[in-house]
Amino acid sequence: MRIVSCGSAVFWPGQSAAHPTRLPNLIAAATATRADPRPGDTATAAHAQLAELYTLTTDLAIKTGRDRLAWTVADRASQAADASGDLLTQATARRVWAIVLCRAGHGDTAQQMEIDTALALQPDLRTPDQLSVYGSLMETAAYTAAADGDRDTAKTFIAEAVDAATRLGTDADHRYTSFGPTGVGLYQLSIARVMGDSGTAIEHARRINPASIPSTERRARYGVDVARAYHQWGKPEHCYRALLAAEHASPDEVRYRKPTTTMTATLLSHPAANRLPGLHDFARRTGTAV
């Protein structure tokens, strides 16, 4: 399979304490705890905590384009998760490991990892944690298949995610997955867009209330995905409004990001540019050459 793009990592709402500048100290503390568990701690919990920190670090490395670092910490997350013996911790670590593999061009391996991990969870999908981790795996696998042009597989996997979200019944953040009906809707938008179905992508977008999206990062990503769908569809004014909404949600999510600068450069040269007030200022703010 030829992988064009990969499912994006998700930042964990509620993890503000794990700011990038604090992660090295947190990882060092978790490593020390694992080596010498404090009274009341268990080795399993210590390994699981370290795996979660490495998983978060992988998310951050992916987001900032530091693929070599992502590869290293994803491997460490997987090792710590395996040492914990906790199936859900292992599944969460393997999901981000699969994203890293996909970005490195190992799409077949990534897809198989996602499927095998999901199958290991399938026999026992009762608790919110189990449903959320399983559903997030299916979302990522669906996006990976869609990016490779495998429409049927993408539809199968996203249907599994929809079913898990329906059973869960609410938007939540179990196991830091941000999984739920709204989260699945965001993936349906992304999947339709990456398969070139701009109109379907916008239909999915219209079913989502941006105010219900639990994190500013995801609200901004929603805005950028909507902009990309409109850009793909040849609707510059709608595209620009969506970009402004994304910037309002989280300026850092649109600045110096390749999709943003690519769309903005196209808008600058479009005949409709004079109908887009503030476009040149927006271009400067986002690092697009004017």
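Residues numbered from 1 in each chain as written. Predicted model: local features only at pLDDT ≥ 70, side-chain atom pairs only at ≥ 80, totals over all residues. Heavy atoms only, no water.

Our focus in this paragraph is the overall build of the protein chain. Counting its secondary structure elements, the protein chain contains 13 helices and 0 strands. If you list the helices and strands of the protein chain from N to C, you get α-α-α-α-α-α-α-α-α-α-α-α-α. Counting all 290 residues of the protein chain, 50% fall into the buried class. Taking all contacts inside the protein chain whose residues are at least 6 apart in sequence as the whole, residues at least 24 apart take part in 63%. (Helix = DSSP H or I, 4+ residues; strand = E, 2+ residues; numbered from the N terminus. Buried < 20%, exposed > 50% of the residue type's maximum accessible area, 1.4 Å probe, protein only. Contact = heavy atoms within 4.5 Å.)

Moving on, we get to the packing of helix H2 (residues 43-63) against helix H4 (residues 87-103). In the contact formed by H2 and H4, the axes pass within 10 Å of each other and the chain directions differ by 25 degrees. One way to sum up the angle between H2 and H4 is to call them roughly parallel. Like other packed secondary-structure pairs, H2 and H4 cross with a definite hand, here left-handed. Here Ala48, Ala51, Thr55, Thr58, Asp59 and Ile62 of H2 come into contact with H4, specifically with Thr89, Thr92, Ala93, Val96, Ile99, Val100 and Arg103. Here the contact of H2 with H4 is built from residues that sort into 7 nonpolar, 4 polar and 2 charged. (Axes fitted to C-alpha atoms, helices over the stretch in contact; angles between N-to-C directions. Parallel < 35°, antiparallel > 145°, perpendicular 65-115°, else oblique. Left-handed = near helix turned anticlockwise from the far one by under 90°. Nonpolar A, V, L, I, M, F, W, Y, C, P; charged D, E, K, R; others polar.)

What follows concerns the confidence of the model for the protein chain. For the protein chain, per-residue confidence averages 87 on the pLDDT scale, and 86% of positions sit at 70 or higher. Of the regions scoring below 50 in pLDDT, residues 1-5 engages in 14 contacts with residues more than four places distant in sequence or in other chains. Considering only residues more than four positions removed or in separate chains, one finds that residues 7-19, a stretch of pLDDT under 50, has 38 contacts. (pLDDT = per-residue confidence, 0-100.)

What follows concerns helix H6 (residues 128-147). Across its 20 residues, H6 extends 28 Å between first and last C-alpha, which sits within 8% of the 28 Å expected from 1.5 Å per residue. Taken across its 20 residues, H6 has 18 buried, putting it largely inside the fold. Taken from the residues just after H6, glycine 149 is the one with a positive phi, measuring 85 degrees. (Expected span 1.5 Å × (residues − 1).)

Below, the discussion takes up helix H9 (residues 198-206). For H9, the full list of buried residues reads Ser198, Ala201, Ile202, His204 and Ala205. All buried residues of H9 lie within an arc of 155 degrees about the axis, which places them on one face of the element. Buried residues in H9 make contact with helix H8 (181-194) and helix H10 (216-233). (Arc of directions from axis to C-beta.)

Turning next to the packing of aromatic side chains. Enumeration according to the criterion identifies 3 aromatic pairs in this entry. On the numbers, 5.9 Å between centres and 80 degrees between planes, the contact of tyrosine 240 with phenylalanine 282 is edge-to-face. Here the residue tyrosine 240 occupies a position in helix H11 (residues 236-249), and phenylalanine 282 occupies one in helix H13 (residues 279-285), the gap between them amounting to 42 residues. An identical accessibility class is assigned to tyrosine 240 and phenylalanine 282; each is buried. The ring of tryptophan 233 is capped by lysine 235, whose NZ or CZ atom sits 4.8 Å from the centre of that ring. (Phe/Tyr/Trp six-rings, centres within 6.5 Å; stacked < 30°, edge-to-face > 60°. Lys NZ or Arg CZ within 6 Å of the ring centre and 35° of its normal.)

In this fold, glycine 85 is placed in the loop between helix H3 (67-84) and H4. Exposure remark for glycine 85: the relative accessible area of 56% places this residue in the exposed category. Remark: the alpha-carbon pair of glycine 85 and alanine 43, spanning 42 residues in sequence, is separated by 9.9 Å.

Considering the arrangement of structural elements, one finds leucine 186 in helix H8. Measuring from C-alpha to C-alpha, the distance between leucine 186 and alanine 201 comes to 9.4 Å, with 15 residues separating the pair along the chain. Sequence-distant contacts of leucine 186, defined by excluding residues within four places in its chain, comprise Ile208, Ile213, Arg218, Tyr222 and Asp225.

Take the nonpolar core next. Core analysis: the largest hydrophobic core is formed by 28 residues, its most contacted members being Leu121, Tyr134, Ile158 and Ile191. Only H4, helix H5 (107-121), H6, helix H7 (151-168) and H8 provide two or more residues apiece to this core. Element by element, the count of residues in this core is highest for H6, at 11 residues. For tyrosine 134, the residues in contact, after removing those within four places along its chain, are Ala118, Leu121, Gln122, Leu125, Glu160 and Ala164. Within the second largest apolar cluster, 26 residues are counted, among which are Leu189, Ile202, Ala205 and Met263. (Core = buried A, V, L, I, M, F, W, Y, C linked by side-chain atoms within 4.5 Å.)

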